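Each chain, written out:
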Amino acid sequence: MILVSKLCGKISPLSLKDYKENGGFEALEKALFKMKTEQIIDEVRASNLKGRGGAAFPTGLKLQFVASEKSDIKYIICNADEGEPGTFKDKILLDGCPFQIIEGMIISALAVGASYGYIYIRGEYPQTKDLLKKAVNILKEEGFLGKNILGTDLCFDIEVRTGAGAYVCGEETALIESIEGNDGRSRFKPPYTANKGLWGKPTLVNNVETLINIPYIISLGSEEYKKFGTKSSSGTKLLSISGCVANKGVYEIEFGMTIREIINEICGGVETDKEIKFVQLGGSSGAVLPAEMLDIKIDFDELNKLGIGLGSGAMFVGDESICILDFVKTTMEFFKHESCGKCTPCREGNRHINKILNRIIEGKGSNRDLELLVDICELMKDTSLCGLGQSAPTALLTTMKYFEEEYKEHIEGFCRAGICNLKKGAVVYG
Amino acid sequence: MDNVNITINGVAVSVKKGTTILEACKKININIPTLCYHPDQELKGNCRVCVVEVEGQPRLQPSCCTPVTQGMVIKTNSKRVREARKAIVELILAAHNCNCLTCIRNNNCELQNISRELGIDSVRFDNVEEILPLDNSNPSIVRDGSKCIKCGRCVEVCSKVQGVGAIYNINRSHDMRIAPAYEEGLNNVPCVYCGQCINVCPVGAIYEKNDINNVWKVLDDKSKHVVVQVAPAVRVSIGEEFGFDAGSIVTGKIVSLLKRIGFDRVFDTNFTADLTIIEEGNELLHRIKNGGKLPMMTSCSPGWIRYVEYFYPELLENVSTCKSPQQMFGALAKSYYAEKYKINPENIVVVSIMPCTAKKAECIRDEMNDSGYQDVDFVLTTRELVRMVHQSGININKIEEKDFDDPFGITTGAAAIFGATGGVMEAALRTVYEIVTGNELKNINLTTVRGIDGIKEAEIPVGDLNVKVAVANGLNNAKIILDMINEGKADYHFIEIMACPGGCIGGGGQPIPGNIEVKKQRMDGIYNVDKSKLIRKSHKNPAIIKLYEEYLGEPLGHKSHKLLHTHYAKRELYEV
């Protein structure tokens with residue numbers, strides 16, 4: 001199923017002619033000339049579009065929050081700080097069809113009354129950044145950005161900004177701090193960005209993939225759009241799939257497919273002769289699910305019921321050659337490195353988790369260490385200031401739940417995958 | 001204002017909309033432990049110690065920065081809350097240098113209190129304490145990174161209250177530290193040594209450089225004649241450390257205990273505060289009459305002097321050339337006093353008891369040796385004197401009161417108010433008015449320049465001239481005035497600037513805690529000293545008149561110029 005990414009790779013990304021010949025800016029014209037601003041928001045609300053950056057917050061509601069704020073200036077930020085490990089789907093959209101993302105920003109600006117926008121792109125995408133700058137300039141020259149867009153009263157300009165590589169800057173308040181010229185460290189909420197965001201003004205922060213959906217919703221109408229996907233999750237989702245599948249890459253799928261279907265039907269199954277051991281859904285901050293759970297559907301409600309988030313839509317498929325602890329250790333090292341250091345649970349928790357994991361992997365762990373790990377993880381989840389600290393322990397907690405035996409084996413001095421410097425083999429419990 | 005109804009631990013409470021959970025709990029006498037929270041500062045939400053349970057919220061909420069909403073149901077003492085708070089403090093303790101017994105903040109440490117209140121009897125996590133080198137690169141302030149709990153209070157006070165920004169959060173994750181840029185020493189960055197960071201530190205991570213042992217050493221040396229001066233703001237604050245209310249005046253007890261400790265003479269810095277008024281008042285009149293640089297700015301606060309030298313060197317000519325009262329005292333002690341009492345100035349040691357950390361750096365400035373020797377030898381903060389008292393075993397509560405010694409013992413109410421923001425201005429105007437008009441000033445309480453506000457302005461008719469004055473305390477407020485001067489928007493004649501919020505009563509060497517409420521009480525104490533004085537104008541001080549007759553000659557005269565005035569120099573922000 002290809003919807004929002006259908007122009008990616010099909011047209012020249014900086015050719016306005018190509019874009020317009022393929023329906024580009026029809027949605028903007030419709031929004032500008034045939035709809036009231038409330039209708040735009042209503043349409044997005046009715047579409048049931050949920051944020052694609054990880055939190056799955058209803059986009060229409062967010063638009064409404066910012067629209068209802070009274071302020072001399074409002075901002076829109078396109079969050080293109082795609083830093084979640086294993087996630088590379090925004091890059092496809094940014095490289096493939098930048099105009100469409102910007103069109104989504106312009107329509108959102110119209111809807112909420114914003115006059116200035118930022119595209120905050122991760123520092124590790126320098127070529128994409130150049131491309132976006134060019135795209136913005138082309139649109140300025142052609143009257144799609146700047147003062148009196150397409151001859152109307154709408155004035156909206158965009159600036160492209162980059163971070164210096166901090167993962168936490170993908171968190172919206174840290175991102176805002178970074179744009180303001182401060183260290184990338186999250187703010188506490190409330191105030192929410194919709195009320196007080198960039199420079200203390202109402203700010204709409206949306207993910208690249210969320211924004212690229214908006215022109216489709218406006219063009220197709222929410223009824224038509226909702227035909228894609230499931231009841232709770234309309235539309236499509238871009239997944240970044242990596243690991244031991246035969247065909248790795250970015251795929252746009254319709255909501256409602258099971259993980260197993262995705263692996264077998266889209267990715268061509270497993271490339272090795274080993275069995276699938278686990279799938280990590282949502283990047284490093286996502287849950288690690290055992291092979292028995294591969295029949296769950298990619299659907300916000302269904303995942304929610306299991307307490308799992310879809311996150312940014314990354315999917316890492318691991319086979320039996322991987323040691324769960326070794327895998328989690330890598331994940332936790334990432335969070336130890338990326339914690340901004342502001343709040344106690346995340347700053348201190350991550351380092352203790354790493355110390356304990358290392359101890360277990362070296363065969364020096366104890367059952368008490370396992371208890372401590374759970375305590376630290378729960379504390380971080382419960383008390384960290386921002387999403388980074390709250391979600392950092394997810395992989396650890398879910399593996400301790402679904403792969404408890406492997407943790408116990410390491411305590412006993414065995415690593416079944418033979419990765420850790422312990423005896424190879426599994427202890428049989430029961 | 002709309003009220004919202006909430007429930008805290010089953011108790012229904014009605015509070016104003018916008019109240020935080022922490023404030024709401026305080027209202028019904030529920031104490032919630034905090035570390036990064038400080039009543040005078042912005043909310044930070046860093047430490048997460050103050051978390052509470054809010055019904056319907058999946059995660060615990062920090063009470064310091066979560067506003068209440070209608071119908072909110074809060075639990076402050078559930079098992080989940082207690083365990084989370086304990087675990088957070090344990091994480092902090094695992095990274096903290098827990099050598100409490102030798103810590104300067106032992107028994108006055110917020111982390112120690114919280115650990116006790118939460119009932120922490122062991123730390124489950126590995127000790128990850130880092131032994132970082134002490135930064136004692138400068139004469140005033142020592143930083144001990146191994147004690148830092150990264151609450152961010154010092155960073156805020158340095159950047160936002162003082163507008164200096166000498167320290168900041170560097171690095172990330174557990175490597176995050178609070179330090180000067182590139183982890184330089186404080187001596188290599190534009191730190192003004194005001195010590196406000198010390199006053200807000202919840203633990204012993206920042207403190208004044210200890211000069212107690214230097215002072216004991218000279219006291220033990222029988223060949224030395226050790227004199228001590230006591231600054232105006234010390235007498236209304238030191239009592240706090242011995243169970244007195246803030247603002248209690250314990251002048252006589254201080255004199256008495258200093259004598260017991262072994263100082264040969266105990267003098268009053270208020271004397272040279274009076275002298276400052278004479279010199280500075282005349283300097284102002286001289287500038288007004290002769291078209292000198294205006295507005296003239298006060299020069300008693302060494303933190304402020306460092307600030308203007310670093311950040312506004314173009315305005316150095318606007319700063320009064322008068323030395324601070326501390327330095328005037330030092331210069332006179334080793335000249336006038338030495339001659340008068342026939343003591344070899346080489347053997348005189350001048351010790352100051354100051355509410356200030358910047359004074360430690362002021363006394364070793366190259367210019368401060370006009371007596372032929374280093375004018376002031378050692379500076380002890382109020383807190384250091386407290387430690388000396390403890391070490392000496394003197395019971396300050398029972399000790400008899402004594403008077404300051406001559407010839408620097410008689411002082412006026414005008415000098416007393418130097419300790420509060422606006423005081424120098426008020427004292428100066430009391431004198432300037434009478435010098436210019438020759439008439440007696442009837443209402444000597446110039447209340448418009450009093451109080452805790454950051455910037456105060458007044459216009460006082462002095463003869464034919466309407467003297468326009470401004471008073472700023474806290475360097476970020478000073479910055480506002482300085483920018484106005486640079487933009488040509490400030491037509492003041494005279495500006496008083498104190499580096500520390502509230503003036504010297506809020507100095508970086510004062511007892512901790514010293515929040516706004518405490519400062520207001522100390523300020524009341526200062527004005528009570530003024531009220532209690534028979535003489536309340538500096539130029540009426542008989543000892544000052546005698547000093548001019550016997551020794552100095554006239555204000556701004558040759559001897560004054562040599563001993564009581566100084567100069568300033570531009571400082572480079574960062575050495576390249």
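Everything numeric in this text was worked out from a predicted model, so none of it was measured.

A. Molecular detail of the overall build of chain A. Scanning chain A from terminus to terminus reveals 18 helices and 11 strands. Taken over the C-alpha trace, chain A has a radius of gyration of 22 Å; the compact-globule value for 430 residues is 22 Å, and the two agree within 12%. Here the C-alpha coordinates of chain A stretch approximately 75 × 45 × 35 Å along the principal axes. Looking at chain A residue by residue over its 430 residues, the buried ones come to 58%. Counting only contacts in chain A whose residues sit at least 6 apart along the sequence, the fraction spanning at least 24 positions is 68%. Carbon and sulfur atoms form 48% of the exposed surface of chain A, whose accessible area is close to 16,400 Å².

B. Here's a closer look at the domain arrangement of chain A. Residues and elements named next belong to chain A. Each assigned domain of chain A is listed here: domain 1 (16–226), domain 2 (239–319) and domain 3 (324–424). Each of domain 1 and domain 3 has a C-alpha centre, and the two are 36 Å apart. When domain 1 packs against domain 3, close to 830 Å² is buried across both sides, 69% of that on carbon and sulfur atoms. Its largest share of buried area at the contact with domain 3, domain 1 owes to Y167, R185 and S186, together 54% of the area lost on that side. Linking domain 1 to domain 3 there are 0 salt bridges. Where domain 1 packs against domain 3, one counts 3 residue pairs in polar contact (both at pLDDT 80 or more). Class assignment of the residues belonging to the side of domain 1 that touches domain 3 gives a composition of 5 nonpolar, 4 polar and 3 charged.

C. Main features of the pattern of salt bridges. Summed over all chains, the structure comprises 69 salt bridges over all chains. Between E550(B) and K340(B) there is a salt bridge, with the nearest N and O atoms lying 3.0 Å from each other. Remark: K340(B) occurs in helix α10 (residues 325–340) and E550(B) occurs in helix α17 (residues 542–552); sequence separation between them is 210 residues. Sharing partners across several salt bridges, the network here consists of R52(A), K89(A), D90(A), E209(A) and K237(A).

D. Representation of the packing of aromatic side chains in the model. Considering all chains together, one arrives at 26 aromatic pairs over all chains under this definition. Ring geometry for Y167(A) against F334(A): centres 4.8 Å apart, planes inclined by 75°, an arrangement best described as edge-to-face. Taken as a pair, Y167(A) in the loop between β3 (157–162) and α8 (172–179) and F334(A) in helix α13 (residues 324–338) lie far apart in primary sequence, 167 residues in all. Given the relative accessible area of 12%, Y167(A) is considered buried. When the centroid spacing of 5.2 Å and the interplanar angle of 80° are considered together, the rings of F267(B) and Y337(B) count as edge-to-face. Taken together, the positions of F267(B) in strand β11 (residues 265–268) and Y337(B) in helix α10 put the pair 70 residues apart, joining distant regions of the chain. Cluster of aromatic residues (ring-pair linked, three or more members): F267(B), F271(B), F329(B), Y336(B), Y337(B), Y341(B), F408(B) and Y551(B). Across the ring face of Y125(A), the terminal group of R122(A) is positioned such that the distance to the ring centre comes to 5.3 Å. Cation over ring: K559(B) sits above Y551(B), and NZ or CZ is 4.1 Å from the ring centre.

E. Seen up close, the interface of chain B and chain A. Listed per partner, the contact involves 34 residues of chain B and 34 residues of chain A. Together chain B and chain A conceal approximately 3,000 Å² of surface at their shared face, both sides included; 54% is due to carbon and sulfur atoms. Looking at the side of chain B facing chain A, the largest losses of area belong to L91(B), R172(B) and H174(B), adding up to 22% of the total buried there. Where chain B touches chain A, the interface holds 4 salt bridges. Notably, a salt bridge pairs D375(A) with R124(B), separated by 3.0 Å at the nearest N-O pair. Seen at the junction of chain B and chain A, the total is 15 residue pairs in polar contact (both at pLDDT 80 or more). Of all the secondary structure elements, the ones that give two or more residues to the side of chain B that touches chain A are α2 (79–94) and β7 (168–170) of chain B. Ranked by residues supplied to the side of chain B that touches chain A, first place goes to α2(B) with 7 residues.

F. Structural view of the sheet that holds strand β5 (residues 236–243) of chain A. All names here are of chain A. Spatially, β6-β5-β9-β7-β8 is the arrangement adopted by the 5 strands of the open sheet, whose pairing is mixed. Two strands in the sheet have a free side with no partner beyond their single neighbour: β6 (249–254) and β8 (287–290). Across the sheet, the mean angle separating the axes of adjacent strands is 30° when strand polarity is ignored. Bridge count between β5 and strand β9 (residues 314–319): 4 bridges; the pairing is parallel. Residue S242 lies in a different strand from β9, and its bridge partner there is F316. Packed on one face of the sheet, α13 meets β7 (276–281), β8 and β9 and runs near 20° to β7.

G. Expanded view of the domain arrangement of chain B. Residue and element names in this part refer to chain B. Each domain of chain B was delimited in the assignment, giving domain 1 (3–77), domain 2 (100–106 + 123–208) and domain 3 (212–564). For domain 2 versus domain 3, the separation of C-alpha centres amounts to 29 Å. Counting the surface lost from both domain 2 and domain 3, the interface buries some 1,900 Å², and carbon and sulfur atoms represent 55% of this. Looking at the side of domain 2 facing domain 3, the largest losses of area belong to V192, N199 and E208, adding up to 29% of the total buried there. Connecting domain 2 to domain 3 are 2 salt bridges. For the salt bridge of E208 with R383, the shortest nitrogen-to-oxygen distance reads 3.2 Å. Viewed at the interface, domain 3 and domain 2 are joined by 17 residue pairs in polar contact (both at pLDDT 80 or more). For the side of domain 2 that touches domain 3, the secondary structure elements donating two or more residues are α4 (153–161) and α5 (196–200).

H. The environment of G10(B), seen in detail. Structurally, G10(B) can be placed in the loop between β1 (3–8) and β2 (11–16). Residues G10(B) and S146(B), 136 residues apart in the sequence, show an inter-C-alpha distance of 41 Å.

I. The arrangement of unusual backbone geometry in detail. The peptide bond linking P190(A) to P191(A) adopts the cis configuration, its omega dihedral lying at 0°. Note on placement: P191(A) falls in the loop between α8 and β4 (203–207). Backbone torsion omega between L294(B) and P295(B) reads -10°, so that peptide bond is classified as cis. Along the chain, P295(B) turns up in the loop between α8 (269–289) and β12 (296–297). With phi around 50°, L150(A) is a residue other than glycine that occupies positive phi space.

J. Layout of the sheet that holds strand β1 (residues 75–80) of chain A. All names here are of chain A. An order of β3-β2-β1-β4 is seen for the 4 strands of this open sheet, with the pairing classed as parallel. Each edge of the open sheet carries a strand with a single partner, namely β3 and β4. The average angle at which neighbouring strand axes cross in this sheet is 20°, direction not considered. Bridge analysis of β1 against strand β2 (residues 116–121) gives 6 bridges, and the strand direction is parallel.

The rules behind the values
Residues numbered from 1 in each chain as written. Chains lettered and ligands numbered in written order. Predicted model: local features only at pLDDT ≥ 70, side-chain atom pairs only at ≥ 80, totals over all residues. Heavy atoms only, no water. Helix = DSSP H or I, 4+ residues; strand = E, 2+ residues; numbered from the N terminus. Rg over C-alpha atoms; globule rule 2.2 N^0.38 Å. Buried < 20%, exposed > 50% of the residue type's maximum accessible area, 1.4 Å probe, protein only. Contact = heavy atoms within 4.5 Å. Areas by Shrake-Rupley, 256 points an atom, 1.4 Å probe, with all protein chains shown as cover. Domains from an automatic or database assignment. Buried area = accessible area lost by both parts, 1.4 Å probe. Salt bridge = Lys/Arg side-chain N within 4 Å of Asp/Glu carboxyl O. Polar contact = N/O pair within 3.5 Å; in protein donor to acceptor, adjacent residues only side chain to side chain. Nonpolar A, V, L, I, M, F, W, Y, C, P; charged D, E, K, R; others polar. Phe/Tyr/Trp six-rings, centres within 6.5 Å; stacked < 30°, edge-to-face > 60°. Lys NZ or Arg CZ within 6 Å of the ring centre and 35° of its normal. Pairing = 2+ DSSP bridges. Axes fitted to C-alpha atoms, helices over the stretch in contact; angles between N-to-C directions.

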